[in-house]
Number of protein chains: 6
Amino acid sequence: MEIEQYFEDYALGDTRKTNGRTITETDFVVHAGHTGDFFPHHMDTEFCKTLPFGQRIAHGTMTFAIGVGLAATQINPRAFTYGYERLRFPKPVFIGDTIHTVVTIGTMKLDPKRDGFGQVVEKTETFNQRGETVMYCEHILLVELRK
Amino acid sequence: MEIEQYFEDYALGDTRKTNGRTITETDFVVHAGHTGDFFPHHMDTEFCKTLPFGQRIAHGTMTFAIGVGLAATQINPRAFTYGYERLRFPKPVFIGDTIHTVVTIGTMKLDPKRDGFGQVVEKTETFNQRGETVMYCEHILLVELRK
Amino acid sequence: MEIEQYFEDYALGDTRKTNGRTITETDFVVHAGHTGDFFPHHMDTEFCKTLPFGQRIAHGTMTFAIGVGLAATQINPRAFTYGYERLRFPKPVFIGDTIHTVVTIGTMKLDPKRDGFGQVVEKTETFNQRGETVMYCEHILLVELRK
Amino acid sequence: MEIEQYFEDYALGDTRKTNGRTITETDFVVHAGHTGDFFPHHMDTEFCKTLPFGQRIAHGTMTFAIGVGLAATQINPRAFTYGYERLRFPKPVFIGDTIHTVVTIGTMKLDPKRDGFGQVVEKTETFNQRGETVMYCEHILLVELRK
Amino acid sequence: MEIEQYFEDYALGDTRKTNGRTITETDFVVHAGHTGDFFPHHMDTEFCKTLPFGQRIAHGTMTFAIGVGLAATQINPRAFTYGYERLRFPKPVFIGDTIHTVVTIGTMKLDPKRDGFGQVVEKTETFNQRGETVMYCEHILLVELRK
Amino acid sequence: MEIEQYFEDYALGDTRKTNGRTITETDFVVHAGHTGDFFPHHMDTEFCKTLPFGQRIAHGTMTFAIGVGLAATQINPRAFTYGYERLRFPKPVFIGDTIHTVVTIGTMKLDPKRDGFGQVVEKTETFNQRGETVMYCEHILLVELRK
């Protein structure tokens, strides 16, 4: 769904919460095949029995891609991604965990280098079903100013 | 392949270059289905004709996941991912582009909070077939010190 | 396998039964990614615990596509699909259910608008391992008359 | 996104239009693998050169599943699917076509058999980039009445 | 479809020809992700420009798996696979090639080690649209003798 | 990783062992969809309850493709595949089994027909977590002689 929002339309502290999604063994296998990362931490149950967690853990790149993807429900034609900062994975994601993402408008400032644009930072936090944070990052958007 | 490396085994400026991989329309479709992000920028050729690039562009999360995945060829049991900083997408990836990744040991320092560990930053840069940077990030590893 | 059949070669009440197929969590994830329908009824085990069934249920579009697909073993070059009527899903499909399809020649009549063609209705019914109907539809074929 | 709507909240003639999506060769291959329907009409370019269209055409079950899936953006906890009627494929979908779906509230009536429920028919029509209808069906919803 | 055949029901020289299937870029990408073999011969168009063929060539394991899979249309409950001999790939498969398989009953003999069983060798040959052999193997079946 | 090796660089008896990989239900479903082989031995849990093994068993083509794929970690630009001999599946692979492959340089001889090339046979053996052999084959490489 398209929702047009200029820089001035964002409000500090605004928050939105996505649907949940259960991360399955299928997602692990698809992600390995998609990225070529078949490290045994994600793919080998026997090896994982020798690790502290005792089971396969999700690729960080998958937790990021799905965590961010869950929030991809509204398109703002006045904004585009500049980059991401402080990407962290405080807790691992296991097969069967159900995650959702909460996006909060963090900081807002005029872009120092681009006239007519502001920077909006969306604090993007993904939680599992126990309320633990499994992914955190700061998504930097460049957003047009209203003329 | 497992290659055991302690913090002291890393050398500033060391670099490794991955194989190349052509990003296909299939990768676009798989990534949309994997993440649930079906934004028309990635999926709708008619819509994209109205944009500056004139064609579908890759999801940033895909460029990151595959760019990092290309480098997932050697496992170091003494290291694990702490996070990523400064993730950027200077140029878009189009269908048919061929990308490869260059990993360079950037900075190294003792971890201020974890005794017995150092931080190694792998500057991870993904290039297309024209030598343009399509992804840049700083991968922070925590690596055990040799006792 | 190609089996040429003119309208006159179909016989009311003829029936054929397909192989069985177990519907897996993988099928759920593939279908969501294929269609873009990530509704929590299909994808979120925590949400589903709050529903009457207590677990994820298959997309109706998947039960239809696989139920019909199971019967796609013989090609008749004299027939093509006109459409489907009365598509229903009397019981849900759960992960781990094994389904098969029974196709019965229901009604046959000359096509009122197309000279030289007849309409054959294939009653297409998909059952689970408990003999319950999980999908029913009427597949309308247009079939050439023998000259 | 959840939007709670009782029967009384639907309005005859209301319409919503989805995003567009380009149907790719990947979708054809994924659908064949997902359903097991590898008929040469969808999978064999040499065979298709001998047919009137001269190229591969999409599975009807895929056009239906994706056409309906495009509209799966808002969840109404007061409604569920009863079935579909009059599913038709007036024009074929070719690789590279871009489709979108328009949903219109068609007819509304009290459910004759279920006290406290009404039937809402969503006329679901999928168009290609030339404005031709490639799928039509009537999606019957059962929706709770406001007490 | 199940077709029960005892050893005595096979006839030397009998042959069956499968449907055709166009091998797509999607198949290349799926096979790489399924097997973990991302060698640039299959995945990197720039690298392949430097090779004699000038383009990506299919994994041998894929040509084998799909070539054999094309013939998986009739199940004989009296037979099972013992193994394969002489697996060869005389010509490469390129993206866009259309292949089909011809199975011929090659040799038949009593199994020297298993009382009540015979060995049937199915010469399995896969051709492209130019009639060139892209895969050849000898599929050894163990088949029950009629009592 | 590219490792250039001439015929003279191979040594009889040299061996390398791959990472492990757990074979999942997802792999079964992906392989069926990739090859079109939906035989109930791989796909139908109810049918499989009537067989000696009591559960679904992997396609032989998948055990081969993944078993060989596990070893696809080093590219030798002086070698290419001639074919495979004696492909066998001594034990079945079940969902949840973890396999790895051991490659041993078996026999080496000058190629009788190709001047400047030798034949190297890699005995390729795939084991499950109980140390049982689930796949064996002889991979014949043609390798350039050093001038």
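Thresholds applied
- Residues numbered from 1 in each chain as written.
- Chains lettered and ligands numbered in written order.
- Predicted model: local features only at pLDDT ≥ 70, side-chain atom pairs only at ≥ 80, totals over all residues.
- Heavy atoms only, no water.
- Phe/Tyr/Trp six-rings, centres within 6.5 Å; stacked < 30°, edge-to-face > 60°.
- Helix = DSSP H or I, 4+ residues; strand = E, 2+ residues; numbered from the N terminus.
- Buried < 20%, exposed > 50% of the residue type's maximum accessible area, 1.4 Å probe, protein only.
- pLDDT = per-residue confidence, 0-100.
- Contact = heavy atoms within 4.5 Å.
- Buried area = accessible area lost by both parts, 1.4 Å probe.
- Polar contact = N/O pair within 3.5 Å; in protein donor to acceptor, adjacent residues only side chain to side chain.
- Pairing = 2+ DSSP bridges.
- Salt bridge = Lys/Arg side-chain N within 4 Å of Asp/Glu carboxyl O.

A. Inspection of the packing of aromatic side chains at higher detail. Scanning all chains against the criterion turns up 21 aromatic pairs over all chains. When the centroid spacing of 5.0 Å and the interplanar angle of 85° are considered together, the rings of Phe64(C) and Tyr84(C) count as edge-to-face. One end of the pair, Phe64(C), is in helix H4 (residues 60-69); the other, Tyr84(C), is in strand E3 (residues 79-88), with 20 residues separating them in the sequence. When the ring of Phe64(C) is compared with that of Phe64(D), the centres are 5.3 Å apart and the planes differ by 80°; the resulting orientation is edge-to-face. Of this pair, Phe64(C) sits in helix H4 while Phe64(D) sits in helix H4 (residues 60-69), which puts the two residues in different chains. Exposure class is identical for Phe64(C) and Phe64(D). Each is buried. Site record: aromatic cluster; members linked through ring pairs are Phe64(A), Tyr84(A), Phe64(B) and Tyr84(B).

B. The arrangement of the confidence of the model for chain A in detail. Here chain A averages 96 in pLDDT, and 100% of its residues register 70 or above. Quick note on the complex model: pTM equals 0.97, ipTM equals 0.97.

C. Up close: the interface of chain F and chain E. The interface of chain F with chain E comprises 32 residues on the first partner and 32 residues on the second. Overall, the association of chain F and chain E removes approximately 2600 Å² of surface from exposure, summing both partners, and the carbon and sulfur fraction of that is 63%. Considering only the surface of chain F that becomes buried against chain E, His34(F), Phe39(F) and Arg88(F) emerge as the three largest contributors, covering 24% of it. At the boundary of chain F and chain E, one finds 12 residue pairs in polar contact (both at pLDDT 80 or more). When contributions to the side of chain F that touches chain E are tallied by element, the ones reaching two or more residues are helix H1 (25-35), helix H2 (40-43), helix H4 (60-69) and strand E3 (79-88) of chain F. With four bridges connecting them, strand E3 (residues 79-88) of chain E and E3(F) associate as antiparallel partners. Of the residues in E3(F), the one forming a bridge with Tyr84(E) is Leu87(F).

D. Here's a closer look at the pattern of salt bridges. Residue and element names in this part refer to chain A. Applying the stated criterion across every chain yields a total of 60 salt bridges over all chains. Its salt-bridge partner being Arg 146, residue Asp 9 comes within 2.9 Å of it at the nearest N-O pair. Placement of the pair is Asp 9 in the segment before strand E1 (15-17) and Arg 146 in the segment after strand E6 (133-144), with a sequence separation of 137 residues. Each of Glu 4, Arg 78 and Glu 144 takes part in a single network of salt bridges with overlapping partners.

E. Expanded view of H1(F). All names here are of chain F. Burial within H1 is extensive, with 10 of its 11 residues counted as buried. Regarding H1, the residues found buried are Glu 25, Thr 26, Asp 27, Phe 28, Val 29, His 31, Ala 32, Gly 33, His 34 and Thr 35. Once H1 finishes, Gly 36 follows within two positions and takes phi at roughly 85°, a positive value.

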